[in-house]
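One letter stands for each residue in the lines below.
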Amino acid sequence: MVSSQRITIGHLEVWLSADPDVLLKAVAANADRAAFAQLYAHVAPKIKSFLMRATRGDVTLSDELTQEVMLRVWKRAPLFDRSRGTAMGWIYGIARNARIDHFRRKRPQVEPTDPMLVDEGPQPDETAQLHQRAERVRHAVTTLPEAQAFALQHAYFEGRTLAEIATATDTPLGTVKSRVRLAMVHLRAALEGQT
Amino acid sequence: MIPSHHPPDEWLLAHIAGTQSEGVDLLTASHASYCPQCRDRLADLQDVAGQYLSQMPEQNVSGLDALLANLPAQEQPQAPRPSRHGFPAPLERYLGDGDLEWTYVAPGVKKISLGFSQSEMPVRVIHLAAGMTVPTHNHPGLERTLVLSGGYDDESGTFERGDIAVADGSQPHHQRIHKGAPCISLVVADHPITPVGIKSTVLSWFFES
Ligand SMILES: [Zn+2]
């Protein structure tokens, strides 16, 4: 994959890449406005789609929150650490947080720079693997059985608890829980060592 | 030392989906500081959410020009703050920078109640003296514990720093605190705890929030 995909047409700078990992890196490293514009074009329409689901179809609120999410993406881009995951996962987290903040709840977060952090000891050299993580994630998702994927998506995008998913889909709670458990086993196996 | 008792899968998913109560989220995030394994699983769940996000249909948006006209300065990574009381960072945020203000409960027992909104479950840091035994008790809902230092044994096993215990109210349990150091833990309960039998007055502390 080529990483310098920027061309200049007249005085306009244009990014050819639509890879969020590449674009976010440029936004972070150089406060690159052209990369940000391309990232906006690529992800803002999807974020709005997510927020429409999360707000049960409130267009005004979804527009407002989408702007807030993209503003935070710009502001916080230098804090993105690609050794800890994909750009899209990070952006999902920002969109989720904007949704939670809207309802004014505090949200305790995992803190990867916690001085009290316990590590597993020396990590293998992961640099080469990092580039493949987004690809691995994509593959892991395509091989996830439909019922399991459905449970995850309901939680992610509609903000439903497992009990609420069980009720909404007329499925026993135990079945929903076991689908989530199986999904996580599947994902861990597919992504092992790829964090 | 890596913990041997982890949060249930649904806590991890609910943490990433943003559907968890604040108290249980605090337990999950604090456990993650101690547990590389759960950090990996959380990263998996978040990246999978990102993958689903990238497959979302597209809705019309029109705010790019407005954003570009007013882009603020970007935040830069800061050196992490040292841990004030030796607890995980997510918990430290609730404890402030001052000395810990413990409330006396009973001989060997003290607590700090964390400031949560009224609708939330009671969340406390509990300090139990080395070698003491907490009388048998049960409770109407779940009692969720993250051990922060020291350790204890109960009917379901041995719990030490970083371990999560979920006690179901239907099974009375009693804790034997390990000798040598006090056991400090973060406890999120659904309801006040009911001592079994009239002799146990030591647990009346759980009734006051
Ligand atoms: Zn764990």
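Quick caveat, the model's predicted, so the values are computed rather than measured. (Residues numbered from 1 in each chain as written. Chains lettered and ligands numbered in written order. Predicted model: local features only at pLDDT ≥ 70, side-chain atom pairs only at ≥ 80, totals over all residues. Heavy atoms only, no water.)

Check the secondary structure of chain A and you find 8 helices and 2 strands. When the helices and strands of chain A are placed in sequence order, the string is β-β-α-α-α-α-α-α-α-α. For chain A, with 195 residues in total, the buried portion stands at 48%. In chain A, 53% of the contacts between residues at least 6 apart in sequence involve partners at least 24 apart. Surface summary for chain A: the accessible area is close to 9,500 Å², and the carbon and sulfur share equals 54%. (Helix = DSSP H or I, 4+ residues; strand = E, 2+ residues; numbered from the N terminus. Buried < 20%, exposed > 50% of the residue type's maximum accessible area, 1.4 Å probe, protein only. Contact = heavy atoms within 4.5 Å. Areas by Shrake-Rupley, 256 points an atom, 1.4 Å probe, with all protein chains shown as cover.)

Bringing the pattern of salt bridges into the picture now. Within the structure shown, the criterion is met by 19 salt bridges over all chains. For B:Glu58, the salt bridge identified is with A:Lys46, shortest N-O distance 3.8 Å. Highlighted residues: B:Glu58 in the loop between helix H3 (36-54) and helix H4 (64-69) and A:Lys46 in helix H2 (residues 33-54), drawn from two different chains. Two residues, B:Asp97 and B:Arg81, come together in a salt bridge whose shortest N-O distance is 3.8 Å. With B:Asp97 in the loop between helix H5 (89-95) and strand S1 (103-106) and B:Arg81 in the loop between H4 and H5, this residue pair connects regions lying 16 residues apart in the sequence. (Salt bridge = Lys/Arg side-chain N within 4 Å of Asp/Glu carboxyl O.)

This part is about the coordination of the zinc ion. All names here are of chain B. Donor atoms from the polypeptide that bind the zinc ion are His6 (ND1), His31 (NE2), Cys35 (SG) and Cys38 (SG), placed at 2.0 to 2.3 Å. For the zinc ion, the 4 donor atoms in the first shell make angles of 101 to 115 degrees at the metal, so the coordination geometry reads as tetrahedral. Spacing between the donor residues of the zinc ion along the chain follows H-x24-H-x3-C-x2-C. This pair shows no difference in class: His31 is buried, exactly as Cys38 is. (Donors = N, O, S within 2.8 Å, 3.2 Å for Na, K, Ca; no water. Tetrahedral: all angles 85-135°; square planar, octahedral: opposite > 155°, others 65-115°.)

Looking now at the domain arrangement of chain B. Residues and elements named next belong to chain B. Under the domain assignment used here, chain B contains domain 1 (9-90) and domain 2 (95-207). Taken over both partners, the interface formed by domain 1 and domain 2 buries close to 1,700 Å², and the fraction arising from carbon and sulfur atoms is 71%. Three residues stand out in domain 1 for area buried against domain 2, namely Leu27, Tyr34 and Phe87, and they jointly supply 35% of the buried area on that side. Seen at the junction of domain 1 and domain 2, the total is 2 salt bridges. Inspection of the domain 1/domain 2 interface yields 4 residue pairs in polar contact (both at pLDDT 80 or more). Grouping the amino acids of the side of domain 1 that touches domain 2 by side-chain chemistry returns 7 nonpolar, 5 polar and 3 charged. (Domains from an automatic or database assignment. Buried area = accessible area lost by both parts, 1.4 Å probe. Polar contact = N/O pair within 3.5 Å; in protein donor to acceptor, adjacent residues only side chain to side chain. Nonpolar A, V, L, I, M, F, W, Y, C, P; charged D, E, K, R; others polar.)

Another aspect to go through is the sheet that holds strand S10 (residues 183-189) of chain B. All names here are of chain B. The antiparallel open sheet is built from 6 strands, whose spatial order is S1-S2-S3-S10-S5-S8. Edge positions in the sheet fall to S1 and strand S8 (164-168), since each has one partner strand and no second. Mean inter-strand twist for the sheet, computed between neighbouring axes without regard to direction, equals 30 degrees. Both strand S5 (residues 142-149) and S8 contribute to a ladder of 5 bridges, which runs antiparallel. By the bridge assignment for S8, Arg144 is matched with Val166. Running at roughly 35 degrees to S5, helix H2 (residues 22-34) makes contact with strand S3 (123-128), S5, S8 and S10 of the sheet. (Pairing = 2+ DSSP bridges. Axes fitted to C-alpha atoms, helices over the stretch in contact; angles between N-to-C directions.)

Looking now at the nonpolar core. By size, the foremost hydrophobic cluster in this structure holds 69 residues, and its most contacted members are A:Leu152 and A:Tyr156. Sort the elements by how many residues they give to this core and H2(A) lands first, with 12 residues. With near-sequence residues (within four places) excluded, A:Tyr156 lies in contact with A:Phe50, A:Tyr92, A:Arg99, B:Leu13, B:Ile16, B:Ala17, B:Leu45, B:Val48, B:Ala49 and B:Tyr52. Counting 21 residues, the second largest nonpolar core, distinct from the first, contains B:Leu26, B:Leu27, B:Leu186 and B:Val188. (Core = buried A, V, L, I, M, F, W, Y, C linked by side-chain atoms within 4.5 Å.)

Our focus in this paragraph is empty space enclosed by the protein. All names here are of chain B. Taken as a whole and assessed by the stated rule, the structure comprises 2 cavities of 30 Å³ or more. In this model, the second largest cavity occupies a volume close to 30 Å³. In terms of lining residues, the second largest cavity is bounded by Glu143, Thr145, Tyr152, Asp154, Ala165, Ala167, His173 and Gln175. If you list the elements that add at least two residues to the lining of the second largest cavity, you get S5, strand S6 (151-154), S8 and strand S9 (173-177). Broken down by class, the residue content of the lining of the second largest cavity amounts to 3 nonpolar, 3 polar and 2 charged. (1 Å grid on protein atoms, 1.4 Å probe; cavity = no way out; pocket = protein on both sides within 12 Å on 5 of 7 lines; lining within 4 Å. Points joined across faces, edges and corners; volume = space filled by probe spheres on them.)

Residue-level contacts link 77 residues of chain A with 70 residues of chain B. Across the interface of chain A and chain B, roughly 6,600 Å² is buried in total on both sides, 62% from carbon and sulfur atoms. If you look at where chain A meets chain B, you find 9 salt bridges. Across the salt bridge formed by A:Arg188 and B:Asp40, the nearest N and O atoms sit 3.8 Å from each other. Broken down by secondary-structure element, the contributors of at least two residues to the side of chain A that touches chain B are helix H1 (20-30), H2, helix H3 (59-76), helix H4 (87-102), helix H5 (127-142), helix H6 (146-158) and helix H8 (173-191) of chain A. In terms of residues, the side of chain A that touches chain B owes the most to one element, H2(A), which gives 14 residues. Taken together, the residues of the side of chain A that touches chain B sort by class into 41 nonpolar, 14 polar and 22 charged.

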